[in-house]
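The residues making up each chain are set out below.
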Amino acid sequence: VNNQTDAFFWSPDGRSVVVTREVGAGRVRPDVRFLRVAAADGAAAELFDVPAPLGAYAVGFDSTGALLSVTISGSGSHLLRDGADVVLLSAQITRDWRLSPDGGRIAFIETNLENGLRYVARTKLVDGSESRDVEAQGAGGMGQQLGAAWKPGEATATFGREPSGAARSSEIGEVQAQSVAGFDVPLA
C-alpha cells in the first residue's frame, strides 16, 4: 500500500518509512536527504541527496521496489527513481502526486501559470521511455482540478474538480456540505 503523509512514506512491505531531512543548515536552499528508517529499531540508512531543490517529496515505489520521488526546481518538476532523474513531469510546479496501482504511471496536478493560475490534471509514464500525457478521467472541461487517485485495476486516474462560473451546479465534483459550496478531492 502506498500510504503518503506529510512527514513520511511507508515502504511496500511496511517494515520501513522514507523520510526527508534538510542538510546544510544556514543555507538559503539546503540540500534534501532521503532516508529509509526501519520501523523495528529506528535505524536510518541514507538513500540519496537532492542538491538545493525548491521541494523534494517521496511519491511511492515502482514495481521493482525503486523509490520514486519528485523534485521541484527552477526548471520545473522532475521524477526521480532512486535519486536519478528519469523524466521531466512539467516545466511548472506540480503537486498531489499519485502512482498507478502497477507503478507505471503517475497522476499529478500541474500549477500552470501560462495564462493566469490554473490547476491542471496530468498523467505521465514513469519509465522515461515516453513523456506523453495519458488520458485522465475528470480532467476535461473548465474549472480547477485538485487531488488525484487511482482505482485498483483501472487504467485512468480520477481527479477532483472545482467547477467554475455559471456551470457550477451541473459540473461533476461539486458537493454541498453544511450549506457551503465545495468540491471533492480524491485521496485514494
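In what follows, the structure referred to is the one given above.
Residues numbered from 1 in each chain as written. Predicted model: local features only at pLDDT ≥ 70, side-chain atom pairs only at ≥ 80, totals over all residues. Heavy atoms only, no water.

Engineer: How would you explain the environment of G74 if you had to name every residue and give the values?
Structural biologist: Among the structural elements, G74 can be located in the loop between β6 (67–73) and β7 (76–81). The exposure class assigned to G74 is exposed, which follows from its relative accessible area of 78%. (Helix = DSSP H or I, 4+ residues; strand = E, 2+ residues; numbered from the N terminus. Buried < 20%, exposed > 50% of the residue type's maximum accessible area, 1.4 Å probe, protein only.)

Engineer: Report on the sheet that holds strand β10 (residues 105–112), specifying residues and quantitative values.
Structural biologist: In spatial order, the strands read β9-β10-β11; together these three strands make up an open sheet with antiparallel pairing. The strands lining the two open edges of the sheet, one partner per strand, are β9 (93–99) and β11 (118–125). Taken pair by pair, the neighbouring strands of this sheet meet at an average axis angle of 25°, ignoring direction. Bridge analysis of β9 against β10 gives five bridges, and the strand direction is antiparallel. Within β10, the residue paired with R98 across the bridge is A107. (Pairing = 2+ DSSP bridges. Axes fitted to C-alpha atoms, helices over the stretch in contact; angles between N-to-C directions.)

Engineer: Which residues make up the sheet that holds strand β4 (residues 44–50), and what values do they have?
Structural biologist: Pairing is antiparallel in the open sheet, where four strands are placed in the order β1-β2-β3-β4. Both outer strands of the open sheet, β1 (8–10) and β4, are each paired with one neighbouring strand and no more. For this sheet the average axis-to-axis angle between neighbouring strands, irrespective of direction, equals 25°. Two strands pair when backbone bridges link them, and strand β3 (residues 31–38) and β4 are joined in this way by six bridges, in the antiparallel orientation.

Engineer: So, the nonpolar core: which residues are in play, and what are the values?
Structural biologist: Nonpolar side chains in soluble globular proteins tend to be buried together. Within the largest apolar cluster, twelve residues are counted, these being V59, L68, V70, I72, L79, V87, L89, W97, L99, I106, F108 and V126. Elements that contribute at least two residues to this core include exactly β6, β8 (84–90), β9 and β10. Within the second largest apolar cluster, eleven residues are counted, among which are V32, F61, L67 and L80. (Core = buried A, V, L, I, M, F, W, Y, C linked by side-chain atoms within 4.5 Å.)

Engineer: Describe in detail the side chain of R33, supporting the description with residues and values.
Structural biologist: Tracing the chain through its elements places R33 in strand β3. Taking the relative accessible area as the measure of exposure, R33 reaches 18% and is therefore buried. Only 2.7 Å separates the side chain of R33 from the side chain of D49, close enough to count as a polar contact. Non-local contacts of R33, meaning those with residues more than four positions away in its chain, are made with V19, T20, R21, V23, E46, F48 and D49. (Polar contact = N/O pair within 3.5 Å; in protein donor to acceptor, adjacent residues only side chain to side chain. Contact = heavy atoms within 4.5 Å.)

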